[in-house]
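Working through the structure, step by step
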Amino acid sequence: AQTVTQSQPEMSVQEAETVTLSCTYDTSESDYYLFWYKQPPSRQMILVIRQEAYKQQNATENRFSVNFQKAAKSFSLKISDSQLGDAAMYFCAYRRHGNTGGFKTIFGAGTRLFVKA
Amino acid sequence: GAVVSQHPSRVICKSGTSVKIECRSLDFQATTMFWYRQFPKQSLMLMATSNEGSKATYEQGVEKDKFLINHASLTLSTLTVTSAHPEDSSFYICSAPMGQQETQYFGPGTRLLVL
């Protein structure tokens, strides 16, 4: 069975600085997707970034980038130039590829990020 | 972008009553939708997979007679909490996958309080 582990319950960063959130996963599949979702106080889940396992290049979205290490089954999220609006709960997630729509997404326990002004 | 809506956003009901929560994909069709439950400061717990035109698939430990799911159309899934009790109070979230990259888009959630 696939699992997703986030070992940092909480993290704190100074505004304008960089922070890295850790995520590891376990799977026997070779093709899959990895995601980082943000859940602010409104509790609306927002997609931050997505990585396809078959792509070696790390995904980036503006200030957000990932360090995807497939062999190590590691998928960390780096937030650069942190802003107060980045304060939220961040969930790492895994999903098998294929069977469009049919495979469930597995979430980690989450990391709460605090941003200090 | 893709939008998933949920209604109601908040509901308070008396113990023993049933509550229906709707999840709609607003600008795309979804043959599959997912229902999650989230307790305070915890992760999302998948309850069931809603399948258009067939029965829902429930996760282990989730009572299918308690949490009725109906995927009435390609844009609508409903979750009915039957004979609600205070322990059913929680935050319920739905999601629907869209596109070949199968990204899940989430509804804004429904906060249920059973008195």
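See the structure printed just above.
Owing to the predicted nature of the structure, the values given are computational and were not obtained by experimental measurement.

Remarks on the overall build of chain A
Within chain A one finds zero helices and 12 strands. Its helices and strands in sequence order give chain A the pattern β-β-β-β-β-β-β-β-β-β-β-β, from N to C terminus. In terms of principal-axis extent, the alpha carbons of chain A reach across some 45 × 30 × 25 Å. Taking all contacts inside chain A whose residues are at least 6 apart in sequence as the whole, residues at least 24 apart take part in 55%. Here chain A displays about 5,600 Å² of accessible surface, and carbon together with sulfur accounts for 45% of that area. The averaged location of the 10 negative side-chain charges in chain A is 6 Å from the averaged location of its 13 positive side-chain charges.

What to know about unusual backbone geometry
A cis amide bond links H7 of chain B to the next residue, P8 of chain B, at an omega of 0°. Position of P8 of chain B among the secondary structure elements: in the loop between strand 1 (4-7) and strand 2 (10-13). A positive phi angle is found at R43 of chain A, which is not glycine, with a value near 75°. By secondary structure assignment, the location of R43 of chain A is in the loop between strand 5 (32-39) and strand 6 (46-52). Taking relative accessible area as the criterion, R43 of chain A reaches 14% and is therefore assigned buried. Positive phi values are uncommon outside glycine, yet D81 of chain A reaches one of about 50°.

Regarding the interface of chain A and chain B
Between chain A and chain B, the residue contacts involve 25 residues of the former and 24 residues of the latter. Linking chain A with chain B are one salt bridge, by the criterion used here. Ionic pairing is found between E59 of chain B and K104 of chain A, a salt bridge with its closest N-O pair at 2.7 Å. The tally of links from chain A across to chain B stands at seven residue pairs in polar contact (both at pLDDT 80 or more).

Some details on the layout of surface pockets
One way to see where empty space is left: roll a probe the size of a water molecule over the atoms. Put simply, the largest pocket is a space of about 170 Å³. Surrounding the largest pocket, Q39, P40, P41, R43, A88, M89, F91 and R112 of chain A together with Q38, P40, K41 and Q42 of chain B form its lining. With three residues, strand 10 (residues 88-96) of chain A is the largest single contributor of residues to the lining of the largest pocket. Here the residues of the lining of the largest pocket sort into six nonpolar, three polar and three charged.

Notes on the side chain of T78 of chain B
Residues and elements named next belong to chain B. Following the sequence through the fold, T78 ends up in strand 8 (residues 76-81). The exposure class of T78 is buried, given its relative accessible area of 8%. Excluding residues that lie within four positions of it along the chain, T78 makes contacts with K20, I21, E22, W35, L68, I69 and N70.

Regarding the state of the cysteines
Tallied over the entire structure, the rule returns two disulfides over all chains. Between the sulfur of C23 of chain A and that of C92 of chain A lies a disulfide, 2.0 Å long from S to S. Here the S-S torsion is close to -70°, and the disulfide linking C23 of chain A with C92 of chain A is therefore left-handed. Remark: C92 of chain A occurs in strand 10 and C23 of chain A occurs in the loop between strand 3 (19-21) and strand 4 (24-26); sequence separation between them is 69 residues. The exposure class of C23 of chain A is buried, given its relative accessible area of 2%. With relative accessibility at 0%, the residue C92 of chain A sits in the buried group. The disulfide that involves C23 of chain B links it to C94 of chain B, with 2.0 Å between the sulfurs. The chirality of the disulfide connecting C23 of chain B with C94 of chain B is right-handed, given an S-S dihedral of about 80°.

What about the pattern of salt bridges?
Residue and element names in this part refer to chain B. All told, the structure shown has seven salt bridges over all chains when counted by the stated rule. Here E22 and R24 are joined by a salt bridge, their closest N and O atoms 3.5 Å apart. Residue K66 pairs with D88 through a salt bridge whose shortest N-O separation is 2.7 Å. Highlighted residues: K66 in the loop between strand 6 (57-58) and strand 7 (67-73) and D88 in the loop between strand 8 and strand 9 (90-98), separated in sequence by 22 residues. For the pair formed by K66 and D88, the shared burial category is buried.

Parameters and conventions
Each chain carries its own residue numbering, running from 1 in the direction its sequence is written. Starting at A for chains and at 1 for ligands, labels are handed out in the order in which the entities are written. Residue-level local features of this predicted model are given only where pLDDT is at least 70; pairs of side-chain atoms are given and counted only at 80 or more, and the full residue set underlies all totals for whole chains, interfaces and linings. Values reported for side chains reflect all heavy atoms of the structure, with hydrogen atoms and water molecules removed beforehand. Working definition: helices are DSSP H or I runs of at least four residues, strands are E runs of at least two. Numbering for both runs from the N terminus. What makes two residues a contact is simply this: any of their non-hydrogen atoms within 4.5 Å. Accessible surface area values rest on a Shrake-Rupley calculation with a 1.4 Å probe, where residue burial reflects the displayed protein chains alone. When charges are tallied, Lys and Arg are placed among the positive residues and Asp and Glu among the negative ones, while His and the ends of the chain are skipped. Taken as the charge centre is NZ of Lys, CZ of Arg, CG of Asp or CD of Glu, depending on the residue. Any residue under 20% of the maximum accessible area for its type is buried, any over 50% is exposed, and the rest in between are partly exposed; the area is computed with a 1.4 Å probe on protein chains only. Counted as salt bridges are all cases of a side-chain nitrogen of Lys or Arg within 4 Å of a carboxyl oxygen of Asp or Glu. Whenever two N or O atoms come within 3.5 Å, that pair is a polar contact, provided that in protein one can donate a hydrogen and the other can accept it, and provided that, for residues adjacent in sequence, both atoms are side-chain atoms. Two kinds of site are reported from a 1 Å grid over the protein atoms alone, namely cavities, where a 1.4 Å probe fits but cannot get out, and pockets, open sets with protein on both sides within 12 Å along at least five of seven lines, and residues are called lining when an atom falls within 4 Å of a point. Grid points are joined across faces, edges and corners, and a volume is the space filled by probe spheres set on the points. Under this grouping Gly is polar, as are all residues other than the nonpolar Ala, Val, Leu, Ile, Met, Phe, Trp, Tyr, Cys and Pro and the charged Asp, Glu, Lys and Arg. Throughout, disulfides are identified as pairs of cysteine sulfur atoms within 2.5 Å of each other.

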